[in-house]
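What the coordinates show
Okay, here's what each chain looks like letter by letter:
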Amino acid sequence: MKDTPLFKKALFLAARRAMLENEMIVREFVEHNLPAHYTEQDMEELCELLLKIFDNDLFDIVMGQKTSEQFEGQYNVRLLKDIEKYAAIYRENKKIKK
């Protein structure tokens, strides 16, 4: 449910951690995927990722400059991969260049 505290926390953190264009992308990722496609544990892990990830690293993932695998051992690659895939589709649909 989109009115749960965990969803609201993830949405807030997505907006807080993003810069410029990726604010929209990460925020839309949260809005379109949580909680429908994520368990409560996934949502907690996403919140943790959004608190931990450096802005530049998130930007590189969202803009397709780096792959999630390049952050193995540093961040939750499974969740980064979901953001990476969503951002690639978003960029293609909006024609945002890398």
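All figures in this text were calculated on a predicted structure; none of them were measured in a lab.

Quick word on the packing of helix H3 (residues 40-52) against helix H5 (residues 77-94)
It is the contact of H3 with H5, at a shortest axis distance of 10 Å, that shows an interaxial angle of 85 degrees. It follows from the interaxial angle that H3 and H5 lie roughly perpendicular. Along its contact with H3, which presents Asp-42, Glu-45, Leu-46 and Leu-49, the element H5 presents Arg-78, Leu-79, Leu-80 and Ile-83. When grouped by side-chain class, the residues that make up the contact of H3 with H5 number five nonpolar, no polar and three charged.

A closer look at the packing of aromatic side chains
The final tally for this structure, using the stated rule, is three aromatic pairs. Between Phe-29 and Tyr-86 the ring centres are 5.7 Å apart and the planes differ by 70 degrees, which places this aromatic pair in the edge-to-face class. Taken together, the residues span a long stretch of sequence, with Phe-29 in helix H2 (residues 20-33) and Tyr-86 in helix H5 at a distance of 57 residues. The two residues Phe-29 and Tyr-86 agree in class, both being buried. Plain terms: the ring middles of Phe-71 and Tyr-75 are 5.6 Å apart, the flat faces sit at 50 degrees to each other, and that makes the pair tilted. For the residue pair Phe-71 and Tyr-75, the accessibility class agrees, reading buried in each case.

Some thoughts on the nonpolar core
Val-30, Leu-34, Leu-46, Leu-49 and Val-62 are the most contacted members of the largest nonpolar core, which has 30 residues in total. For this core, the elements supplying multiple residues, two or more each, are helix H1 (5-17), H2, H3, helix H4 (55-62) and H5.

Some points on H4
Note that an α-helix has 3.6 residues per turn; residues three or four places apart therefore point the same way. Every buried residue of H4 is accounted for by Asp-57, Leu-58, Asp-60, Ile-61 and Val-62. Where H4 ends, the next residue or the one after it, Gly-64, has phi of about 75 degrees, a positive value.

Side note on H3
Along its 13 residues, H3 runs 18 Å from first to last C-alpha, staying within 8% of the 18 Å computed at 1.5 Å per residue. Those residues of H3 not exposed but buried are Asp-42, Met-43, Leu-46, Cys-47, Leu-49 and Leu-50. Relative to the axis of H3, the buried residues are bounded by an arc of 160 degrees and lie together on one face. Among the exposed residues of H3, those oriented more than 90 degrees off its buried face are Glu-40 and Glu-48.

Focus on the confidence of the model for the protein chain
Detailed reading of predicted coordinates is not advised where the pLDDT is low. Scored by pLDDT, the protein chain has a mean of 87; 89% of the residues are at 70 or more. Here H1 stands out as the least confident element of the protein chain, with mean pLDDT 78; H3 is the most confident, with 95.

Observations regarding the pattern of salt bridges
This model, assessed by the stated rule, comprises six salt bridges. Ionic pairing is found between Asp-60 and Lys-66, a salt bridge with its closest N-O pair at 3.7 Å. Between Lys-81 and Glu-69 there is a salt bridge whose closest N-O contact spans 3.3 Å. With Lys-81 in helix H5 and Glu-69 in the loop between H4 and H5, the pair connects residues that are 12 residues apart, well separated along the chain. When salt bridges that share partners are traced, they join Asp-42, Glu-45 and Arg-78 into one network.

Basis of the calculations
- For every chain, the first residue of the written sequence is number 1, and numbering continues from 1 onward in sequence order.
- Selection of residues for local features in this predicted model requires a pLDDT of at least 70, selection of side-chain atom pairs for listing and counting requires 80 or more, and totals for whole chains, interfaces and linings are taken over all residues.
- Here the side-chain values reflect all heavy atoms present in the structure, with hydrogen atoms and water set aside.
- Between the N-to-C directions of two axes lies an angle of 0 to 180 degrees, each axis being a line fitted to C-alpha atoms and, for a helix, fitted only over the stretch in contact.
- Only runs of H or I of at least four residues qualify as helices and only runs of E of at least two qualify as strands under DSSP, and these elements are numbered from the N terminus.
- Throughout this description, any angle smaller than 35 degrees is read as roughly parallel, any larger than 145 degrees as roughly antiparallel, any in the 65 to 115 degree range as roughly perpendicular, and the remainder as oblique.
- For this analysis, residues touch if any pair of their heavy atoms sits within 4.5 Å.
- The classification used treats Ala, Val, Leu, Ile, Met, Phe, Trp, Tyr, Cys and Pro as nonpolar, Asp, Glu, Lys and Arg as charged, and all other residues, Gly among them, as polar.
- Between rings of Phe, Tyr and Trp, where Trp is taken as its six-membered ring, a pair exists when centres lie within 6.5 Å; planes separated by under 30 degrees are stacked, by over 60 edge-to-face, and by other angles tilted.
- Accessible area is worked out with a 1.4 Å probe on protein chains only. A residue is then buried under 20% of its type maximum, exposed over 50%, and partly exposed in between.
- By convention a nonpolar core is built from buried Ala, Val, Leu, Ile, Met, Phe, Trp, Tyr and Cys residues, the set being connected through side-chain atoms within 4.5 Å.
- The span one expects for a helix is its residue count, reduced by one, times 1.5 Å.
- The arc under discussion is defined with respect to the helix axis, by the directions toward the C-beta atoms.
- The quantity known as pLDDT measures the predictor's confidence residue by residue, on a range of 0 to 100.
- Within this document, salt bridges are pairs made up of a side-chain nitrogen of Lys or Arg and a carboxyl oxygen of Asp or Glu, the two lying within 4 Å of each other.

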